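For reference, the chains in residue letters:
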Amino acid sequence: MKLWGGRFTGETDQLVEAFNESLSFDRRFYKQDITGSIAHARMLGRQGIIPEDDARKIVAGLEEILKDIEDGKLKIEGDAEDIHSFIEAELTQRIGEPGKRLHTGRSRNDQVALDMKLYTRDELDDMIGHLETLLQELDAIISDNKKTYMPGFTHLQKAQPTTLAHHMGAYREMFRRDVSRLKDTRARLNECPLGAGAFAGTTYPLDREFTARELGFDRPTANSMDSVSDRDYLLEYLFDLATIQMHLSRLSEEIIIWNTNEYRFVTISDAYSTGSSIMPQKKNPDIAELIRGKTGRVYGALQSLLVTMKGLPLAYNKDMQEDKEMAFDAMDTVRHSVILMTGMLKSMQWNKERMEASAKNGFTNATDVADYLVRKGVPFRTAHGLVGELVLLCEKKNCALDDLSIEEFRSVCDKIDGDIYDAISLETCVNNRKTLGAPGAME
Ligand code: ARG
């Protein structure tokens, strides 16, 4: 049964039905739809727009429908056009005439705007929780690894020594910013569009303050045209998700590199790896690769909605139905990725000796030799050149700077004394970097 059959005489073409329907994907927010309708019905009753008794029957009927869906007794299926039609038809079937009063002073335009906002808000709150769990895992890794030395990289070339705590601390900053971005998005999102009607409000004395409060919003939206045509909050959320996924992807990339046979900084647990159908020895970092790979579809959701919204005249246009499928996909993808990353980190083995050994070769302390010379009065640029010569010498001998004898050091610069070894040890290099934000300054 269509909500709008009255004006039509011809049958709707099959392909048109299939192209137009949204039940197959908007069924996902049945709960938000019912919650919104309950608030609307209560308000209609309180305002005397419909009889109080009908409002009570509507609310009871909707609560029962919600329970039956959650218990699996009522399946959301059939030929209803969308979730709004489905619930309204089910309600009327159950409670009769009063059910037909529910849609008084409301349009599917403000209804869907509300549902999508409520759904996004629930997802957003849930996402903050998952990110906080990830942050707790990072905290644990950081506090366990303040003295786990490893090379830091620029251009993927060993640069200077750092600690695992410092390296993971960078990701902690990224995910903290993600949480704070989500909170910003939530604050702007939290205005209630219900009561905007099709776009011009209604002639009924709706109490929009009441429904906004009932539904946990800070206030009702200010302009009814904007209320039904605004999807900024969803674009913002998709940007937040894209950024989270980008951070996860970067971390995945590092894990993939660290897990290679060449590095062996980490060993991903069996639970987060898969094998090869032909090569018996293989254990592949598929989950990290998939998190990295799925970044494309999350960016795609953001791009898709930006393009959908780009040329839309006010107010509601059916184009906006396209805000859902890719957004839902992005929400699922990022949620799963955050949960999987947390589990992968928790179960991963950190090969600390490998990291430390790697930090000791590759001349990661070359800057520290130069700084030592600066402390002995050599200008930095001159010191830079002298250390270059020392590195050449090491390469010839195939050894590290620490392995040079004092005579060899002095053959390049006679300002070098026996205290050089202490000055360029891994511990000194890291611990002396006490600039705010540097590895030696980590509490
Ligand atoms: N399924 C629609 C959507 O997602 C619901 C709103 C329909 N409104 C309308 N005037 N046809 O946007």
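Residues numbered from 1 in each chain as written. Predicted model: local features only at pLDDT ≥ 70, side-chain atom pairs only at ≥ 80, totals over all residues. Heavy atoms only, no water.

Comments concerning the overall build of the chain
Argument step 1. In terms of regular secondary structure, the chain is built from 19 helices and six strands.
Argument step 2. For a compact globule of 443 residues, the expected C-alpha radius of gyration is about 22 Å, and the chain comes in at 31 Å, more than 25% above that figure.
Argument step 3. Considering only C-alpha atoms, the chain reaches an extent of 100 × 50 × 40 Å along its principal axes.
Argument step 4. Here the chain, with 443 residues, has 50% of them falling under the buried criterion.
Argument step 5. Residue pairs in contact within the chain that sit at least 24 positions apart in sequence constitute 75% of those at least 6 positions apart.
Argument step 6. Just so you have it, the chain exposes about 21700 Å², and 51% of that area is on carbon and sulfur atoms.
Argument step 7. The chain carries 57 positive and 72 negative side-chain charges, and their two centres are separated by 2 Å. (Helix = DSSP H or I, 4+ residues; strand = E, 2+ residues; numbered from the N terminus. Rg over C-alpha atoms; globule rule 2.2 N^0.38 Å. Buried < 20%, exposed > 50% of the residue type's maximum accessible area, 1.4 Å probe, protein only. Contact = heavy atoms within 4.5 Å. Areas by Shrake-Rupley, 256 points an atom, 1.4 Å probe, with all protein chains shown as cover. Lys, Arg positive; Asp, Glu negative; His and termini not counted. Charge placed at Lys NZ, Arg CZ, Asp CG, Glu CD.)

Notes on the pattern of salt bridges
Argument step 1. Under the defined criterion, the tally for this structure stands at 35 salt bridges.
Argument step 2. With its nearest N and O atoms 2.4 Å apart, the salt bridge here joins arginine 292 to glutamate 253. Linking arginine 292 in helix α11 (residues 286-293) with glutamate 253 in helix α10 (residues 232-258), this pair joins segments that are 39 residues apart in sequence.
Argument step 3. The class for arginine 292 is partly exposed, based on a relative accessible area of 31%.
Argument step 4. Given a relative accessible area of 32%, glutamate 253 falls into the partly exposed group.
Argument step 5. Here the residues in one salt-bridge network are Arg28, Glu123, Asp126, Asp332 and Arg335, joined through shared partners. (Salt bridge = Lys/Arg side-chain N within 4 Å of Asp/Glu carboxyl O.)

Some details on the site of the ligand
Argument step 1. Around the ligand, a shell composed of Ser22, Asp82, His84, Arg108, Asn109, Val112, Tyr316, Gln321 and Lys324 is seen.
Argument step 2. One nitrogen or oxygen atom from the side chain of lysine 324 is found 2.4 Å from an oxygen atom belonging to the ligand.
Argument step 3. With three residues, helix α6 (residues 108-144) is the single largest residue contributor to the shell around the ligand.
Argument step 4. Here the residues of the shell around the ligand are counted per class, giving two nonpolar, four polar and three charged. (Near = heavy atom within 4 Å. Polar contact = N/O pair within 3.5 Å; in protein donor to acceptor, adjacent residues only side chain to side chain. Nonpolar A, V, L, I, M, F, W, Y, C, P; charged D, E, K, R; others polar.)

Here we look at the side chain of threonine 120
Argument step 1. Summarising the element assignment, threonine 120 is placed in helix α6.
Argument step 2. With relative accessibility at 0%, the residue threonine 120 sits in the buried group.

Some words on the pairing of strand β2 (residues 157-163)
Argument step 1. Pairing between strand β1 (residues 149-154) and β2: six bridges, direction antiparallel. Note on β2: the bridge partner recorded for proline 151 is proline 161.
Argument step 2. The hairpin formed by β1 and β2 contains two residues between the paired strands, and histidine 155 there has a positive phi angle of roughly 55°. (Pairing = 2+ DSSP bridges.)

Details of the packing of aromatic side chains
Argument step 1. Taken as a whole and judged by the stated rule, the model has eight aromatic pairs.
Argument step 2. Relative to phenylalanine 328, the ring of phenylalanine 29 has its centre 6.3 Å away and its plane inclined at 75°; by these criteria the two rings are edge-to-face. A residue pair is termed long-range when its members are at least 10 positions apart, and phenylalanine 29 in the loop between α2 (23-26) and α3 (30-46) and phenylalanine 328 in helix α13 (residues 325-347) qualify at 299 residues. Phenylalanine 328 matches phenylalanine 29 in its accessibility class, with the two residues each being buried.
Argument step 3. Ring geometry for tryptophan 258 and tryptophan 350: centres 6.5 Å apart, planes at 65°, overall edge-to-face. Taken together, the residues span a long stretch of sequence, with tryptophan 258 in helix α10 and tryptophan 350 in strand β6 (residues 349-350) at a distance of 92 residues. As far as burial versus exposure is concerned, tryptophan 258 and tryptophan 350 are alike and both buried.
Argument step 4. The rings of Phe153, Trp258, Tyr263, Phe265 and Trp350 are connected pair by pair, giving a single aromatic cluster.
Argument step 5. Here arginine 121 stacks its cationic end above the ring of phenylalanine 217, 4.6 Å away from the centre of that ring. (Phe/Tyr/Trp six-rings, centres within 6.5 Å; stacked < 30°, edge-to-face > 60°. Lys NZ or Arg CZ within 6 Å of the ring centre and 35° of its normal.)

So, the state of the cysteines
Argument step 1. One pass over the structure, following the stated rule, counts zero disulfides.
Argument step 2. No disulfide involves cysteine 399; its nearest neighbouring cysteine sulfur is the one of cysteine 394, lying 4.1 Å away.
Argument step 3. The cysteine cysteine 429 is free of any disulfide, with cysteine 394 supplying the nearest cysteine sulfur at 14 Å.
Argument step 4. We classify cysteine 429 as buried; its relative accessible area is 1%. (Disulfide = S-S within 2.5 Å.)

Considerations on the environment of arginine 335
Argument step 1. Counting through the fold element by element, arginine 335 comes out in helix α13.
Argument step 2. Each C-alpha atom of the pair arginine 335 and glutamine 245 lies 9.4 Å from the other, and the pair is 90 residues apart in sequence.
Argument step 3. If we skip the residues at most four places from it in the chain, arginine 335 touches Glu123, Asp126, Met127 and His130.

Some words on the environment of methionine 331
Argument step 1. For methionine 331, the location among the structural elements is in helix α13.
Argument step 2. Here the alpha-carbon distance between methionine 331 and isoleucine 87, two residues 244 residues apart in the chain, equals 24 Å.
Argument step 3. Methionine 331 has contacts with Tyr119, Thr120, Glu123, Leu234, Tyr237 and Leu241, leaving out every residue within four places of it along the chain.

Some details on unusual backbone geometry
Argument step 1. Of the consecutive residues leucine 314 and alanine 315, the connecting peptide bond is found in the cis state with omega at 0°.
Argument step 2. If you trace the backbone, alanine 315 turns up in the loop between α12 (295-310) and α13.
Argument step 3. Its identity is not glycine, yet asparagine 398 carries a phi of approximately 55°, on the positive side.
Argument step 4. Mapped onto the fold, asparagine 398 is located in the loop between α16 (380-397) and α17 (406-412).
Argument step 5. Here asparagine 398 falls in the exposed class, since its relative accessible area comes to 71%.

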